[in-house]
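Report on the structure
The chain contents come next:
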Amino acid sequence: MKTLILIFFALLIFAGCSSLGVKPWERNLLSKPEMQFGVRSLEDGFDDHIYFSKEGVSGGRGFSAGGCGCN
Amino acid sequence: MQLRPKKKRKIGKFLANATVALLCNPMDQALAEDIRSDESELKSFITRNINEIKQWAKWSGEIGFLGYSETQGRVQAIEPAIKLDAKFVNDRVWSTKLVFDSLTGASPNGALNSGQPQTFTSPSGSASYTISPGEQPLYSQFRDTRVNLGTSWSEPLSRSVKWNIGFNGSTEYDYLSLGLNTALTKESEDKNQSWTVGLSYTTDTVRPVGGVPTPLAAMVAPHLGPLRSGSVEQKDTYDILLGYSQVMSRSWIMQGNISLGYSQGYMNDPYKFVTIFEDSNLATLGDPVSYIHEKRPDKRFKRSLYLASKKFIQSGILNVGYRYSNDDWGIQAHTVDFSYNFAVSGKWRIEPGLRYYNQSAVDFYSLAIGNSQATPVTITSDYRLGDLTALTPGLKIINKLKDEKEIALILRYYMQHGDLSSFNPVGSMQGQNLIPDTNAYILQVHYIF
């Protein structure tokens, strides 16, 4: 738990690095669907359902889409 | 929507004429022309209304299909799904997802393989089934159909802040799950950073077939029951998600999430047993003596950290993800997944990938218990909570269609191997495959429009 909190605050500090990032006219690659997080909603949903049903932990990427009596 | 009276009469007349046409032979020329005219007007009416609905918003979505098939005659599942997104003015989005899930096949009942034939009472308590010597105890009448509906609304609260709220419901024969979730996302002025806070509440109702078995009670022969603790149980889950994403460069973006979850209520698997084996009589050492219903704690606090990266490398995109999870049941898990998405021709892309998963068992997991041991307060032999490793190689083939539409085929093979760890097989257990592997073929087809 402490490790998780430390890592999260490290990420926040990371956020303060203003030298990271791009200008609006440099977003041609970033605008591609393959470079977006969370767009593969059905594929991620299918995968999460399989792994949740066969393993002891679930989620982490986002909120799960409905429970079931799988685990 | 309501039909205007004139349209109702038109449709009624069309149906009446069509019925007469079917019954009369030869067809009257004037009647045939009348039917064609009504048919054309009906088609035009439907097309106008569909076009009107289309203009409410910018529509997009996805149709998906999952086929899942475990080896050795175990669980098979087919799962069609559809997702629709309606984007209104001012970036407001309404999103809906509907999934059907049909499962059949055979599922492990938690008992240990044995060199003796084993007989078990079915979940309903009214029948029994026998497993041959050396075979994995599987309940082969496993059938279930699940329907899952999720809907959410998202809208900007300001130029940089977005809010969404969603509902999720899932129902199957013995399980109902209802949930609400909400999240707030803030982007930096230059859109290079975003922060998300999300909350979720889910309430689950379990109605096991045959009633709720009394935890730790011995399995009894059919019709000798009930040894049940009622017919319905509840479980509530509260989740919080903290997310952050950062654009690293023109070709690189990263994301990190921390998830905390707390569940309270019924978390037993009502269909799983634990084998009690002979651990002192040398003549029957290792043989199953009886079976008890499992019992898990009624509280669970889960924690998870997820990091993901997408980076352009050599004109393809390298995806890397890592998740660390643990909870107060004692489980610790690491998940690593890689994939590389690249073009093979103008319209075709492929994405080979590999997922690695490793889990340490929960504290109350045991393959079986010796009959001279005291029954633990909590115990499970569910292989999914044991020490295990899973590897999933996969390949995705994508065809880019015009207007940002896409069709994709995904093939994966899931290989899970359990570990005996500290369990010491004795007597007739030796030589048995006490933790059979779980392997499954996975096929997915997706059409994005």
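Now for a description of the structure that goes with this document.

Next up on the list: the overall build of chain A. For chain A, the helix and strand inventory stands at 2 helices and 0 strands. Here chain A holds 71 residues, and 37% of them are scored as buried. Surface accessibility of chain A: about 3700 Å² in total, with carbon and sulfur atoms responsible for 63%.

The helix and strand tally for chain B stands at 2 helices and 23 strands. Relative to the compact-globule value of 22 Å for 449 residues, chain B shows a C-alpha radius of gyration of 28 Å, a clear excess of over 25%. The principal-axis extents of the C-alpha atoms in chain B amount to approximately 90 × 70 × 40 Å. Looking at chain B as a whole, 44% of its 449 residues qualify as buried. Considering only contacts within chain B whose residues lie at least 6 apart along the sequence, 60% involve residues at least 24 apart. In chain B, 46 side chains carry a positive charge and 43 a negative one; their mean positions are 10 Å apart.

Residues and elements named next belong to chain B. Spatially, the 3 strands line up as an open sheet ordered β15-β14-β20, and their pairing is mixed. A strand with exactly one partner marks an edge of an open sheet, and here the two such strands are β15 (288-293) and β20 (368-370). Sheet twist, expressed as the mean angle between neighbouring strand axes with direction ignored, is 30°. In this structure, strand β14 (residues 273-277) lies alongside β15, joined through 5 bridges in antiparallel fashion. Within β15, the position partnered with isoleucine 276 by the bridge is serine 290.

The interface of chain B with chain A comprises 89 residues on the first partner and 52 residues on the second. Of all residues in chain B, the largest losses of buried area upon contact with chain A belong to Arg250, Lys310 and Arg384 of chain B, amounting jointly to 12% of the total for that side. Applying the counting criterion to the chain B and chain A interface returns 8 salt bridges. Among the salt bridges present, the one from glutamate 55 of chain A reaches arginine 355 of chain B, with a minimum N-O distance of 2.9 Å. Connecting chain B to chain A are 25 residue pairs in polar contact (both at pLDDT 80 or more). If you tally residues by element for the side of chain B that touches chain A, the top one is strand β16 (residues 299-313) of chain B, at 11 residues. Split into classes, the residues belonging to the side of chain B that touches chain A amount to 35 nonpolar, 29 polar and 25 charged.

In this section: a nonpolar patch on the surface. Residue and element names in this part refer to chain B. The grouping of Phe65, Ile78, Leu401, Ile407, Leu409, Leu411, Leu443 and Val445 at the surface amounts to a nonpolar patch, some 560 Å² of accessible area in total. Elements with a minimum of two residues in the nonpolar patch: β22 (406-418) and β23 (438-448). Broken down by element, the nonpolar patch gets its largest block of residues, 3 residues, from β22. Tracing the backbone through its elements, the reader meets leucine 443 in strand β23.

Residues and elements named next belong to chain B. Looking at the secondary structure, you find asparagine 109 in the loop between β4 (107-108) and β5 (118-121). For the pair asparagine 109 and isoleucine 258, spaced 149 residues apart in sequence, the C-alpha separation works out to 34 Å. Once residues lying within four places of it in the same chain are set aside, the contact partners of asparagine 109 are Phe120, Tyr129, Pro137, Tyr271, Lys272 and Phe273. In this structure the side chain of asparagine 109 is engaged in a polar contact, spanning 2.9 Å, whose partner is the backbone nitrogen of alanine 111.

This brings us to the packing of aromatic side chains. One pass over the full model with this rule turns up 14 aromatic pairs over all chains. Taking the centre distance of 6.0 Å and the plane angle of 40° together, the rings of tyrosine 51 of chain A and tyrosine 414 of chain B count as tilted. In this pair, tyrosine 51 of chain A sits in helix α2 (residues 41-54) while tyrosine 414 of chain B sits in strand β22, so the two residues belong to two different chains. On the basis of relative accessibility, which here comes to 9%, the residue tyrosine 51 of chain A falls in the buried class. Each ring, one from tryptophan 329 of chain B and one from phenylalanine 364 of chain B, has its centre 5.1 Å from the other, and the planes form 80°; the classification is edge-to-face. You can see tryptophan 329 of chain B sitting in the loop between β17 (316-327) and β18 (332-343) and its partner phenylalanine 364 of chain B sitting in the loop between β19 (348-360) and β20, a full 35 residues away along the chain. Residues tryptophan 329 of chain B and phenylalanine 364 of chain B agree in their burial class; the two are buried. Members of the aromatic cluster, joined through ring pairs, are Phe120, Tyr129, Tyr139, Phe273 and Tyr291 of chain B. Between arginine 74 of chain B and the ring centre of tyrosine 383 of chain B, over which it is positioned, the NZ or CZ distance is 5.4 Å. The positively charged end of arginine 300 of chain B is found above the aromatic ring belonging to tryptophan 329 of chain B, 4.2 Å away from the centroid.

Definitions and limits used
- Residues numbered from 1 in each chain as written.
- Chains lettered and ligands numbered in written order.
- Predicted model: local features only at pLDDT ≥ 70, side-chain atom pairs only at ≥ 80, totals over all residues.
- Heavy atoms only, no water.
- Helix = DSSP H or I, 4+ residues; strand = E, 2+ residues; numbered from the N terminus.
- Buried < 20%, exposed > 50% of the residue type's maximum accessible area, 1.4 Å probe, protein only.
- Areas by Shrake-Rupley, 256 points an atom, 1.4 Å probe, with all protein chains shown as cover.
- Rg over C-alpha atoms; globule rule 2.2 N^0.38 Å.
- Contact = heavy atoms within 4.5 Å.
- Lys, Arg positive; Asp, Glu negative; His and termini not counted.
- Charge placed at Lys NZ, Arg CZ, Asp CG, Glu CD.
- Pairing = 2+ DSSP bridges.
- Axes fitted to C-alpha atoms, helices over the stretch in contact; angles between N-to-C directions.
- Buried area = accessible area lost by both parts, 1.4 Å probe.
- Salt bridge = Lys/Arg side-chain N within 4 Å of Asp/Glu carboxyl O.
- Polar contact = N/O pair within 3.5 Å; in protein donor to acceptor, adjacent residues only side chain to side chain.
- Nonpolar A, V, L, I, M, F, W, Y, C, P; charged D, E, K, R; others polar.
- Patch = residues over 30% accessible without salt bridge, like charges linked within 9 Å, V, L, I, M, F, W, Y side chains within 5 Å.
- Phe/Tyr/Trp six-rings, centres within 6.5 Å; stacked < 30°, edge-to-face > 60°.
- Lys NZ or Arg CZ within 6 Å of the ring centre and 35° of its normal.

The analysis is restricted to geometry; functional conclusions fall outside its scope.
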